Amino acid sequence: NYVSLGTTAIPDDRSHEFDTIEERYQKSKFVVQKFIAFQVGLTCFAWDPSTKKYLARPFTFYVYPRSKVND
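Since this is a predicted model, take the numbers as computed values, not measurements. (Residues numbered from 1 in each chain as written. Predicted model: local features only at pLDDT ≥ 70, side-chain atom pairs only at ≥ 80, totals over all residues. Heavy atoms only, no water.)

1. With respect to the overall build of the protein
The secondary structure content of the protein amounts to one helix and two strands. Along the protein, from the amino end to the carboxyl end, the secondary structure elements read α-β-β. (Helix = DSSP H or I, 4+ residues; strand = E, 2+ residues; numbered from the N terminus.)

So, in structure tokens, the structure goes:
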């Protein structure tokens, strides 16, 4: 039994230098479908002209396990 390390589920899932973009996408998609997302992150950016920098506001949404509040 091959243990998943987070980027590949089986040795053949690893990206190779001769893979096309579609092959890399399909390999990644196959592996990601085997995992459960515990949280999703979203960051909003706004330009601050006074400091000439972007301001970032991160948000985290926990999606698994579902909260009892929503049941």
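Having seen the structure, we can now continue with the description.
2. Comments concerning the pairing of strand β1 (residues 39-48)
Pairing between β1 and strand β2 (residues 53-62): ten bridges, direction antiparallel. Note that in β2 the partner of Leu42 across the bridge is Phe59. What sits between the antiparallel neighbours β1 and β2 is a turn of four residues, in which Lys52 has the positive phi angle 55°. (Pairing = 2+ DSSP bridges.)

3. Observations concerning the packing of aromatic side chains
All told, the structure shown has one aromatic pair when counted by the stated rule. Relative to Tyr54, the ring of Trp47 has its centre 4.8 Å away and its plane inclined at 70°; by these criteria the two rings are edge-to-face. (Phe/Tyr/Trp six-rings, centres within 6.5 Å; stacked < 30°, edge-to-face > 60°.)

4. Here's the deal with the pattern of salt bridges
By the definition in use, this model includes one salt bridge. In this structure, Asp19 engages Lys27 in a salt bridge whose closest nitrogen and oxygen atoms are separated by 2.9 Å. Overall, the relative accessible area of 16% leaves Asp19 in the buried class. Given the relative accessible area of 17%, Lys27 is considered buried. (Salt bridge = Lys/Arg side-chain N within 4 Å of Asp/Glu carboxyl O. Buried < 20%, exposed > 50% of the residue type's maximum accessible area, 1.4 Å probe, protein only.)

5. With respect to the confidence of the model for the protein
When pLDDT is averaged across the protein, the result is 77; 66% of the residues are at 70 or more. At the level of individual helices and strands, the protein shows its lowest average pLDDT in helix α1 (residues 21-32), which scores 85, and its highest in β2, which scores 94. Scored below 50 in pLDDT, residues 1-5 makes seven contacts in the model with residues more than four places away or belonging to other chains. (pLDDT = per-residue confidence, 0-100. Contact = heavy atoms within 4.5 Å.)

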